[in-house]
Structure formats: C-alpha cells, structure tokens
Amino acid sequence: MVGFASTLPFVMTSALAEELPGGTIFRGGSYRETIDIVLEWVSTGIEVAGVTIIVVGAIAATAVFLYGGLVSVGWPAAFHRYRANLGRGILLGLELLVAADIIGTVAVTPSIENLAILALIVLIRTFLSFSLEVEIEGRWPWRRAEADREGPSEETRERL
C-alpha cells in the first residue's frame with residue numbers, strides 16, 4: 001500500500017501528503033478526503049469512457065457509412081444510417097459525461113456555485129440528448145408508442 005501511495009503523488013495535496021525519508025509518501029487525513037480522491041478518480045474514469053465512446057462511435061459510424069455507400073445500400077441510405085449511428089454514439093457518450101459531472105460535483109464540497117454549474121451542464125446535455133433522440137427516431141419521444149402500433153413509416157422503410 002505504501003508503494004501505491006508513492007506512485008500517485010499528484011493526487012495528494014500538502015494537507016494530505018507528507019514525504020518521509022526514502023521518498024515514501026505518507027497519506028494522512030480523514031476518510032472523507034480518501035473518498036473524495038476515489039470519487040475524483042471514478043469521475044475522471046467515466047469521463048474518459050464517455051469521450052472514448054463518442055470517438056469510437058464516430059469512427060465506427062464512418063466505417064459503416066463508407067461501406068454502405070460504396071458496397072451495400074448506396075449513398076443516400078448510408079447517409080441516413082450514418083447520422084443515426086453517429087447520433088447514437090454521441091448520445092451514449094453524453095449520458096456518461098452527465099454521470100461523471102454528477103459524481104464530480106459530489107466529490108467536491110457542494111456549493112451553490114458548483115450546483116448551479118452542474119445544473120447548467122446537465123440542462124445543456126439533456127437538451128442535446130433530447131435533440132439527438134428526435135433526430136435519430138424522426139419523431140417526438142412521446143409519440144413512440146403510437147408509431148410502434150402503426151409500424152415503420154414509408155421514409156423509415158426507405159432508410160432501412
């Protein structure tokens with residue numbers, strides 16, 4: 001455990017860490033400080049996962065688009081699929097980024113300013129998610145059940 005603590009000096013603050021003879025770092029402090037550090041790492045990990053999903057989703061959607069345009073369905077249908085696939089990757093990544101923001105705000109001492117910033121970020125990302133969902137599905141979310149009863153529209157059948 002001492003070896004692990006000495007490899008992560010950048011997460012220590014002067015109040016939490018003290019260098020002992022031999023270069024070993026001693027971690028003092030309360031359990032809350034330890035929990036805060038762990039939550040910051042978790043938040044960062046989820047942020048990295050969200051960004052990774054967006055990047056991998058964009059690369060995969062582009063590969064499927066090029067294959068569809070060149071080989072299978074033609075460019076117009078491939079373009080519609082590309083937009084939907086790209087939107088799905090962004091949507092999933094945004095969900096993870098919102099989760100990371102919530103955890104990150106909990107990790108720091110909550111203040112009115114931090115909560116206001118979180119509320120603004122969540123509001124913007126929720127609006128983006130909602131807009132992407134409408135773009136992907138081609139209808140309002142509350143009209144999904146009605147559309148499922150009717151079956152796919154003419155335009156949706158052409159896309160597929």
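Here the structure is a predicted model, which means the values were calculated and not measured.

The helix and strand tally for the protein chain stands at 6 helices and 2 strands. Starting at the N terminus, the α and β elements of the protein chain follow one another as α-β-β-α-α-α-α-α. Counting across all 160 residues of the protein chain, residues that qualify as buried make up 22%. Of the roughly 10,800 Å² of accessible surface on the protein chain, 68% is carried by carbon and sulfur atoms.

The subject of this paragraph is the side chain of T105. You can see T105 is positioned in helix α3 (residues 75-107). Sequence-distant contacts of T105, that is, excluding residues within four places in its chain, are made with N114, L115 and L118.

What follows covers the packing of helix α2 (residues 31-72) against α3. Here α2 crosses α3 at 180°, and the two axes come no closer than 8 Å. Between α2 and α3, the crossing angle belongs to the class labelled roughly antiparallel. Looking at the contact of α2 with α3, its residues break down into 28 nonpolar, 9 polar and 5 charged.

A few words on a nonpolar patch on the surface. Taken together, the side chains of L66, Y67, L70, V71 and W75 make up a nonpolar region of the molecular surface, amounting to roughly 560 Å² of accessible area. When residues in the nonpolar patch are grouped by element, the largest group, 4 residues, is from α2. Take Y67: it is sitting in helix α2.

On the secondary structure map, D36 appears in helix α2. A sequence separation of 68 residues divides D36 from G104, and the C-alpha atoms of the two residues are 9.1 Å apart.

Quick look at the environment of A100 now. Among the secondary structure elements, A100 is positioned in helix α3. Sequence separation between A100 and G45 is 55 residues, and the spatial gap between their C-alpha atoms is 8.1 Å. Apart from residues no more than four positions distant in its own chain, A100 is found in contact with S43, I46 and E47.

The rules behind each value
In this numbering scheme, every chain counts its residues from 1 along its sequence in written order. Only residues with pLDDT of at least 70 are given local features in this predicted model, and only at 80 or more are side-chain atom pairs given and counted; all residues enter the totals for whole chains, interfaces and linings. The side-chain quantities take in all heavy atoms of the structure and omit both hydrogens and water. Secondary structure counts use DSSP, requiring at least four H or I residues in a row for a helix and at least two E residues in a row for a strand, with both numbered from the N terminus. Buried means the residue's accessible area, taken with a 1.4 Å probe over protein chains only, is under 20% of the maximum for its type, while exposed means over 50%, and partly exposed covers the values in between. All accessible areas in this document rest on Shrake-Rupley with a 1.4 Å probe, and a residue is counted as covered only by the protein chains that are shown. By definition in these notes, contact holds between two residues if any of their heavy atoms fall within 4.5 Å. To obtain each axis, a line is fitted to C-alpha atoms, and for helices this fit is confined to the stretch in contact; angles are then taken between N-to-C directions over 0 to 180 degrees. Orientation categories follow fixed angle ranges, with anything under 35 degrees roughly parallel, anything over 145 roughly antiparallel, 65 to 115 roughly perpendicular, and all other angles oblique. Ten residues, namely Ala, Val, Leu, Ile, Met, Phe, Trp, Tyr, Cys and Pro, are considered nonpolar, four, namely Asp, Glu, Lys and Arg, are considered charged, and the remaining ones, Gly among them, are considered polar. Note that patches include only residues with greater than 30% relative accessible area and no salt bridge, and the join distances are 9 Å for like charges and 5 Å for nonpolar side chains (Val, Leu, Ile, Met, Phe, Trp, Tyr). Counted as salt bridges are all cases of a side-chain nitrogen of Lys or Arg within 4 Å of a carboxyl oxygen of Asp or Glu.

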